[in-house]
Amino acid sequence: MDATITSADGVTRCGWAHSAPEMLPYHDEEWGRTLHGDQPLFEKLCLEAFQSGLSWITILRKREAFRTAFTSFDIDRVAAFDEGDVERLMADAGIVRNRAKITASIANARATKALVDPQPGALDSLLWSYAPPRRTVAPESYSQVPASTPFSTSASAALKTLGFRFVGPTTMYALMQYAGLVNDHAAGCHLAVGEPGAL
């Protein structure tokens, strides 16, 4: 796939934005946009964990079902989930029914709650403390975009110390890309570094 493709609307976007109809608005409105807030970042942590080993489009198409199943990723409510909730989620065909990922999401809610209850915004602050220096040159090809970096590796280690699961360096880098900690839009994309409309 080409690094960038110019759409019928005359706008040049990352090539992957054209891989499925749902991906174009995701590319334009979400991916790489600055994201703050404990709850939105907790949701993204959970969804990235569920994505592990799967394609993102699978998760994107199931995202509303995930939000329903996980009570809009309300941290307190997910932290209170019990074995009955695990079985309810395992029976929910609308989501990815993986017991390890489900229990990890509940554990991550409890770890998040322990972090943010005494200090609201603590998850946000922790994750953003690992944001690398801003790119000054956009990647020319997919081969120039890493799967993980020393920053995502450090963030992964910090979260694991706090009891988080399914937060490996690759998962953390995917979160960094989505939440705008890095800008990996390809050179020529209208949202790339140094291009009109850059973040």
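Residues numbered from 1 in each chain as written. Predicted model: local features only at pLDDT ≥ 70, side-chain atom pairs only at ≥ 80, totals over all residues. Heavy atoms only, no water.

**Topic: the confidence of the model for the protein**
Confidence in the prediction for the protein averages 95 pLDDT; 97% of positions are at 70 or higher. The low-confidence segment residues 195-199 (pLDDT under 50) makes 14 contacts with residues lying over four places distant or belonging to another chain. (pLDDT = per-residue confidence, 0-100. Contact = heavy atoms within 4.5 Å.)

**Digging into unusual backbone geometry**
For S72, which is not glycine, the phi dihedral falls at a positive 60°. Here S72 shows up in the loop between helix 3 (56-69) and helix 4 (75-79). Although it is not a glycine, F73 sits at a positive phi angle of roughly 55°. If you trace the backbone, F73 turns up in the loop between helix 3 and helix 4. (Helix = DSSP H or I, 4+ residues; strand = E, 2+ residues; numbered from the N terminus.)

**What about the side chain of K44?**
Tracing the backbone through its elements, the reader meets K44 in helix 2 (residues 38-51). Accessibility expressed as a relative area gives 3% for K44, which makes it buried. (Buried < 20%, exposed > 50% of the residue type's maximum accessible area, 1.4 Å probe, protein only.)

**Considering the packing of helix 2 against helix 3**
Packing of helix 2 against helix 3 brings their axes to within 10 Å, and their N-to-C directions diverge by 130°. When the interaxial angle is binned, helix 2 and helix 3 end up oblique. Crossing geometry of helix 2 relative to helix 3 is assigned as right-handed. Here helix 2 contributes E43, K44, L47, E48, F50 and Q51 to the contact with helix 3, which in turn contributes W56, I59, R63, F66 and R67. For the contact of helix 2 with helix 3, a count of residues per class yields five nonpolar, one polar and five charged. (Axes fitted to C-alpha atoms, helices over the stretch in contact; angles between N-to-C directions. Parallel < 35°, antiparallel > 145°, perpendicular 65-115°, else oblique. Left-handed = near helix turned anticlockwise from the far one by under 90°. Nonpolar A, V, L, I, M, F, W, Y, C, P; charged D, E, K, R; others polar.)

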